[in-house]
Amino acid sequence: MTNFLSIQGRANLDKYFDKNEESYSQGTILWANQAGGKFARNNIVNTQSWYDLLIEGKNNLGKDLTLDYQAGAIIQDIRYQSTNAIADGLNVPNRFNLNFGTNLSVTDDFIRKQTQSLFGQASLAWRDAIFVNASLRNDWSSTLPKPYSFQYPSVGASVVLSDLLKLTGPLSFLKINGSYAQVGNAADAYLLQTNYSYAQGAGSGFISRDGTQAIGNLKPEITKSLEFGVEARFFSNRLGATVTAYKTNSINQLLKLGLAPASGFKDQYINAGDIRNMGLEVVVNGTAIKTDQFSWDLTLNMGLNRNKILSLSPDIKTAFLSGGFGRSASPIVAEGGSYGDIVSYRWAKDKNTGQYLVGSQSSSSTVSEASVSSTGLPVATKEQELIGNFNPKMLLGFTNTFTYKGFSLRFLIDARIGGIAVSGTEMNLAFSGIPEITAQKRDGGWVLPGVTAGVAGADGVTLIGAGKANSTAISAEQFWQTVSGKRYGWGEFFAYDATNVRLREVSIGYGIPVPSNFFIKSARLSFVARNLFWFYRGSSILDIPGIGKRKMWFDPDMNLTNGNFQGVEYGTLPSNRSIGLNLKLSF
């Protein structure tokens, strides 16, 4: 527009099609319940449209002072359509085609939401050493109640001390910065009102109500963050470090919680009051060797985060995330606790001695010391108790990059320290004696150290025969079928320390020489492999007497679901190892 002002507009359309088919042969337990088998086909069309308009300007306000500014508008439109056809039962066994369906049902879902935004930001720079910036954005989201609007500002400052001071010695660059910002987020579509669905059936079909209770007073999530950092480089930039400390408070965070059946709904969303996160991030990088033809660069990064739930809502002080998961363990939210806490049934202990409890039984309807004997089997706690938190205590990454002439070698080792993960798959398989650990003690003679829980006497309160040392032998089959709970088991027995160290990525590349006058300006061929192998994996958190701890056999990065529900896997697909070639051409 002018020598100091510019304008640009962009339009982007992203559309993808996804087709899924599921087939279950006749007799497949839990899935093919009707004769002939089961077949399903799902077609998904996802369309995202993005339009933006941006005005940018830069002005010199004096000899050493410059002003940069931007203002713009964005429209983001998302449309999702899913058509799902299910043939539950096939006229011709294992003939997986919808035409052969004996009970054919079709569902057609459509979701649309739109966000419109206005934003502006400005930055002042003095001598390219002191910077002050501020921004303000306002969003209007179709998923919120009227007036659909929410805004979030930010302000920050940074000072390059090395440009203002005469540095001597090894320090070659020093910068400090601080900022305060708010970030807003709307919600998924159709949460404001109770939704109804139509399904085919006798006569004109059926209308059913959605199991999620509407949240008419839905508020946007707002995260307020305060951040301070220091960046320094030494020895002519051969060694550098960045340290950042932060504190965030998430206000009105949207959580999905379970409801009692008497409410008429399965679950509900709430705007949680205040969840605080505090953390530290450190990045250290350096060049160990540098010559005309060879270099060796290293980067080490570390992240720490601690969170606490300061408040939930006036009516709810503790709840299961996403309704909980009764088969092994469940993440919960509770005031005073931490986001990511996991509860499950545990091996109960005697309150007085701290020893494990084993079951008791009476050989007579008239309970007496003489009639009570030990079953030799573990006893579960009456209620689910806290067993850990799925969040890691620390994340580490270590990258090495070697270059020689046109060749390069890069490998990344990362580590997750702390946190727990519960394996519902192992719990399920243990009931049938499939995991290797169940091979131990199969011949019996396994006496668990502990004391008897006792049997309630005539008054229903006094425990008869409690506190006696266990001497009853059991077998592995009795033990594992008890703690797996017929596939609704006690999560503590299948919980693992999620600590792991792995070779996350290796890449070997070569820059292919091209003539200077060739239409291809650069070419690079790379071999890339990801998720290669483990250096270390954590062990089970419970040291089972007579068996000991066992190594974690699954990838703790794989969870039952995404989002809030983490730390539990149940029949989850294993993580992938990928190996491939990449050719990058620039024109």
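Residues numbered from 1 in each chain as written. Predicted model: local features only at pLDDT ≥ 70, side-chain atom pairs only at ≥ 80, totals over all residues. Heavy atoms only, no water.

Chemist: Is there a simple way to explain the overall build of the chain in this structure?
Modeler: Summing up its helical and strand segments, the chain has three helices and 33 strands in all. Overall, the C-alpha framework of the chain stretches about 100 × 70 × 55 Å when taken along its three principal axes. Put simply, the chain has 587 residues, and 36% of those count as buried. Considering only residue pairs separated by 6 or more positions, the chain has 65% of its internal contacts joining residues 24 or more positions apart. (Helix = DSSP H or I, 4+ residues; strand = E, 2+ residues; numbered from the N terminus. Buried < 20%, exposed > 50% of the residue type's maximum accessible area, 1.4 Å probe, protein only. Contact = heavy atoms within 4.5 Å.)

Chemist: Would you explain the environment of Phe535 in this entry?
Modeler: Within the element layout of this structure, Phe535 appears in strand E31 (residues 522-537). Separated by 282 residues in sequence, Phe535 and Gln253 place their C-alpha atoms 37 Å apart. In contact with Phe535, not counting residues within four places along its chain, are Ile413, Val501, Arg502 and Leu503.

Chemist: What exactly am I supposed to notice about the pairing of strand E9 (residues 206-209) here?
Modeler: When a strand is regular, its side chains alternate between the sheet's two faces. Two elements, strand E8 (residues 196-199) and E9, share four bridges in a ladder whose sense is antiparallel. Directly across from Ala199, in E9, lies its bridge partner Phe206. (Pairing = 2+ DSSP bridges.)

Chemist: Even after reading the chapter, I still don't get helix H3 (residues 476-483), so can you show me in this structure?
Modeler: Count 3.6 residues to each turn of an α-helix, and residues three or four apart come out pointing the same way. Those residues of H3 not exposed but buried are Ala476, Phe479, Trp480 and Val483. The arc enclosing the buried residues of H3, seen along the axis, measures out at 85°, which places them on a common side. The secondary structure elements touched by the buried residues of H3 are strand E19 (372-378), helix H2 (424-431), strand E24 (446-447) and strand E28 (473-474). Two residues or fewer past H3, Gly485 is found with a positive phi of approximately 55°. (Arc of directions from axis to C-beta.)

Chemist: What am I meant to see in the pattern of salt bridges here?
Modeler: Once their charged atoms are close, side chains differing in charge can pair, the charge on each being opposite to the other. Throughout the structure, instances matching the rule amount to 19 salt bridges. Between Asp188 and Lys113 there is a salt bridge whose closest N-O contact spans 4.0 Å. One end of the pair, Asp188, is in the loop between strand E7 (171-185) and E8; the other, Lys113, is in strand E4 (residues 104-126), and 75 residues separate them in sequence. Through salt bridges with shared partners, a single ionic network connects Asp414, Arg502, Arg504, Asp555 and Asp557. (Salt bridge = Lys/Arg side-chain N within 4 Å of Asp/Glu carboxyl O.)

Chemist: Help me understand H2 in this model?
Modeler: For H2, the buried fraction is high: six of the eight residues fall into the buried class. Those residues of H2 not exposed but buried are Gly424, Thr425, Glu426, Met427, Ala430 and Phe431. In this fold, the buried residues of H2 make contact with strand E23 (420-423), H3, strand E29 (495-497) and strand E32 (568-569). Positive backbone phi, at 75°, marks Gly433, one or two positions downstream of H2.

Chemist: Would you take a moment to explain the pairing of strand E3 (residues 65-88) for this structure?
Modeler: In this sheet, E3 lies alongside strand E2 (residues 38-60) in antiparallel orientation, the contact comprising 23 bridges. Note on E3: the bridge partner recorded for Asn46 is Tyr80. In textbook terms, the turn of a hairpin is the stretch between consecutive antiparallel strands, and for E2 and E3 this stretch comprises four residues. The pairing of E3 with E4 spans 23 bridges and is classified as antiparallel. The residue bridging Ile86 from the neighbouring strand is Ser105, located in E4.

Chemist: I'm lost on unusual backbone geometry in this one. Help?
Modeler: Most peptide bonds adopt trans geometry, and most residues besides glycine take a negative phi value. For the peptide bond that leads from Lys146 to Pro147, omega is 10°, which places it in the cis range. Position of Pro147 among the secondary structure elements: in the loop between strand E5 (130-141) and strand E6 (149-160). Positive phi, normally seen in glycine, also occurs at Asn531, with a value near 55°.

Fair warning: the whole summary comes from geometry, so function is off the table for now.
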